[in-house]
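As a plain string of letters, each chain reads:
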Amino acid sequence: MEKQQPLLFLIVAAVVLLLGLGLYRLSFWLDNYPKRIVIPVVLLVSFALQTAILFLFPRLPTDDSQTVLSLAQNMLYRGDYSSFATSGYLHMFPFNFSIVLYLKTLLSLFPDNYLIIKCFNIGFTLLTTLTVYLLYKELNPWSQTHDYGVLVLAATYAPALFMNNFIYNDVIATALLTSALYFAVRFMKELSLKHMLGAAVLLAAGNYFRSIGAIFLLAIAIGILLQIRRIGVKKSVLALGMTVVLFMVPGWAQNLLLQATGKVEGSVTANSAPVYMWLNMGINVKTFGFWDNRQSYTIYQRQAGYDKKKSEALFKNEIGRKWSEADAGDLINMYYKKLVWMWTEGTYQVERYGVGNGSSTFGRGFGAVGDRYSYTTSATEWFKGSSSARVGLIWILYAMNMVMYGFMLVRLIGGIRAGRFAETPLVLVMLGFIGFYLLWEIKSRYLFPVYPLVLAMSWMGFKDAYAAIFPNKEKRNECQTTEPVQFG
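Undergrad: So what's going on with the nonpolar core? Which residues, and what values?
TA: Among the nonpolar cores identified, the biggest contains 138 residues, and Phe84, Val100, Leu103, Met277, Phe433 and Tyr437 are the most heavily contacted of them. The leading source of residues in this core is helix H9 (residues 170-190), at 13 residues. Those residues in contact with Met277, other than ones at most four positions away along the chain, are Met92, Phe93, Ser296, Tyr297, Tyr300 and Phe315. Of all hydrophobic cores here, the second largest spans 13 residues; its members include Phe57, Tyr373, Ala389 and Leu397.

Undergrad: Residue-level account of the pattern of salt bridges, with values.
TA: Any two side chains of opposite charge can pair if their charged atoms end up close together. Per the stated rule, a full pass over the model turns up 14 salt bridges. As a salt-bridge pair, Arg210 and Asp170 come within 3.5 Å of each other at their nearest N and O atoms. Of the two residues, Arg210 sits in the loop between helix H10 (193-209) and helix H11 (213-226) while Asp170 sits in helix H9, which places them 40 residues apart along the sequence. Accessibility assignment for this pair places Arg210 and Asp170 in one class, buried. Across the pair Glu351 and Arg390 runs a salt bridge whose closest N-O atoms are separated by 2.9 Å. Of this pair, Glu351 sits in helix H18 (residues 350-355) while Arg390 sits in helix H20 (residues 388-418), placing them 39 residues apart in sequence.

Undergrad: Describe the packing of aromatic side chains, with residues and values.
TA: Under the criterion given, the structure shown has 40 aromatic pairs. On the numbers, 6.0 Å between centres and 50 degrees between planes, the contact of Phe93 with Tyr297 is tilted. With a gap of 204 residues between them, Phe93 in the loop between helix H4 (89-92) and helix H5 (97-109) and Tyr297 in helix H15 (residues 295-303) connect regions that are remote in the sequence. Residue Tyr297 is classed as buried on the basis of its relative accessible area of 15%. Judged by centre distance (5.8 Å) and plane angle (5 degrees), the ring pair of Trp278 and Trp440 falls under stacked.

Undergrad: Would you mind going over the packing of helix H14 (residues 275-282) against helix H16 (residues 308-325) in detail, with residue names and values included?
TA: As a packed pair, H14 and H16 sit with axes 9 Å apart at the nearest point and diverge in direction by 20 degrees. Considering their axes alone, H14 and H16 lie roughly parallel with respect to each other. Relative to H16, the crossing made by H14 is left-handed. Along the contact surface, H14 presents Tyr276, Met277, Leu279 and Asn280, while H16 presents Glu312, Phe315, Lys316, Glu318, Ile319 and Lys322. Split into classes, the residues belonging to the contact of H14 with H16 amount to 5 nonpolar, 1 polar and 4 charged.

Undergrad: How would you explain helix H3 (residues 63-78) if you had to name every residue and give the values?
TA: Two residues of an α-helix separated by three or four positions point the same way, owing to the 3.6 residues in each turn. For H3, spanning 16 residues, the distance from its first C-alpha to its last is 22 Å, which sits close to the expected 22 Å at 1.5 Å a residue. Buried residues of H3: Ser65, Val68, Leu69, Leu71, Ala72, Gln73 and Met75, and no others. Buried residues along H3 sit in contact with H4, H5 and helix H6 (114-139). Immediately downstream of H3, the backbone of Gly79 shows phi near 60 degrees, a positive value.

Undergrad: So what about unusual backbone geometry? Which residues, and what values?
TA: Located in the positive-phi region is Ser87, a residue other than glycine, with phi close to 80 degrees. Locating Ser87 in the fold gives a position in the loop between H3 and H4. According to the relative accessible area criterion, Ser87 is partly exposed, its value standing at 47%. Even without being a glycine, Arg294 presents a positive backbone phi close to 70 degrees. On the basis of relative accessible area, Arg294 is assigned to the partly exposed category, the value being 40%.

How each quantity is defined
Residues numbered from 1 in each chain as written. Predicted model: local features only at pLDDT ≥ 70, side-chain atom pairs only at ≥ 80, totals over all residues. Heavy atoms only, no water. Core = buried A, V, L, I, M, F, W, Y, C linked by side-chain atoms within 4.5 Å. Buried < 20%, exposed > 50% of the residue type's maximum accessible area, 1.4 Å probe, protein only. Helix = DSSP H or I, 4+ residues; strand = E, 2+ residues; numbered from the N terminus. Contact = heavy atoms within 4.5 Å. Salt bridge = Lys/Arg side-chain N within 4 Å of Asp/Glu carboxyl O. Phe/Tyr/Trp six-rings, centres within 6.5 Å; stacked < 30°, edge-to-face > 60°. Axes fitted to C-alpha atoms, helices over the stretch in contact; angles between N-to-C directions. Parallel < 35°, antiparallel > 145°, perpendicular 65-115°, else oblique. Left-handed = near helix turned anticlockwise from the far one by under 90°. Nonpolar A, V, L, I, M, F, W, Y, C, P; charged D, E, K, R; others polar. Expected span 1.5 Å × (residues − 1).

Quick look at the structure:
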């Protein structure tokens, strides 16, 4: 973690603001061109940038990403499902079978190559980029411009571009959950159940890949209930009932399929690690919930012998002990640190998972291990260790993150004053993440699924601030649009 340097932060933040103004001017220039040209071109440029990053930073999988790849290989080439047995990885974490199954499918259809998997990540990132733009437009139907700025911002946002190097569930789940939220917002606006069906399917799929869909589900449900008079009781109940049922389908289907094919006996979650394990990690005064050096793993694996019920009792006792031994000041300080570090780290740990920080290794196939690259390039050398390029990237992302929070606050205050609550579902998702990760084990990477919402809301706030500071300029800029914007 870099030492706080207020002067440097202010300088970098000023540079970020200047780049934002440049992007804003670019968006007005792009307004001279129709969507059928601009959107594909921006997405194509983003695809080129992401592809270049994959070749310039050939990051090898590590930790859980390496494990799920190995499991996918074992299942595909050797029919080995022993990981579901006691002490196996999927016995402990059955929720990761989704990414294993996904990788197994890709490996069966395409050459056994990291690049193929990462290219599919690019596809999901492009879907997220497009969805950010579409969601923004749904929330701003009165805008007199095409608002291409938010599209370009999403298409060039560094954490999203680099995270394609991470072979895991983050990129996939983010695309699916963001798309689900988009269709839910359309339902609340247009009251068409076909949009809610799309939201329900995407929400179920996103949750299957990463089990945080409940946050989005709760936000969508509250958003619908807040508008129940306009939507109607019957339609609201039908929409919510359909969404809840479909939300459960992937888990049910997975269990039935595994048991029907003889891969497992009984439910895969019967003796999985309980939620109390992550809650126990989350209550740690020394590391404020970041990682407890396998102490919680030891309770589940050794003391409870991989037995879910036994470990639940042990974890409850451990959590109670921590609460009783810590005074109010310790707990307040711990939760304060969790909240501040989690939301101000700013990079979603892309430095580790996207850029990488190791030497090259020339092993072939998926057997190579470690925090390394397949081969070195001028870029990997440039970003090695504590180089200026690496530190500079971290500082830019950190400052950019804080600036975006500032513009989000502008939007929220303006919305409350104007009685405009169109962004309520987005705000509820953000609040859900804040509350959840105050209790859960933390990594800033866990916030990756909210980056699309941060981009959309911060761009709204940026436009609000610009219009408040330069009202005449804003009106003149909007009048310069040569092609009328069509809605509906």
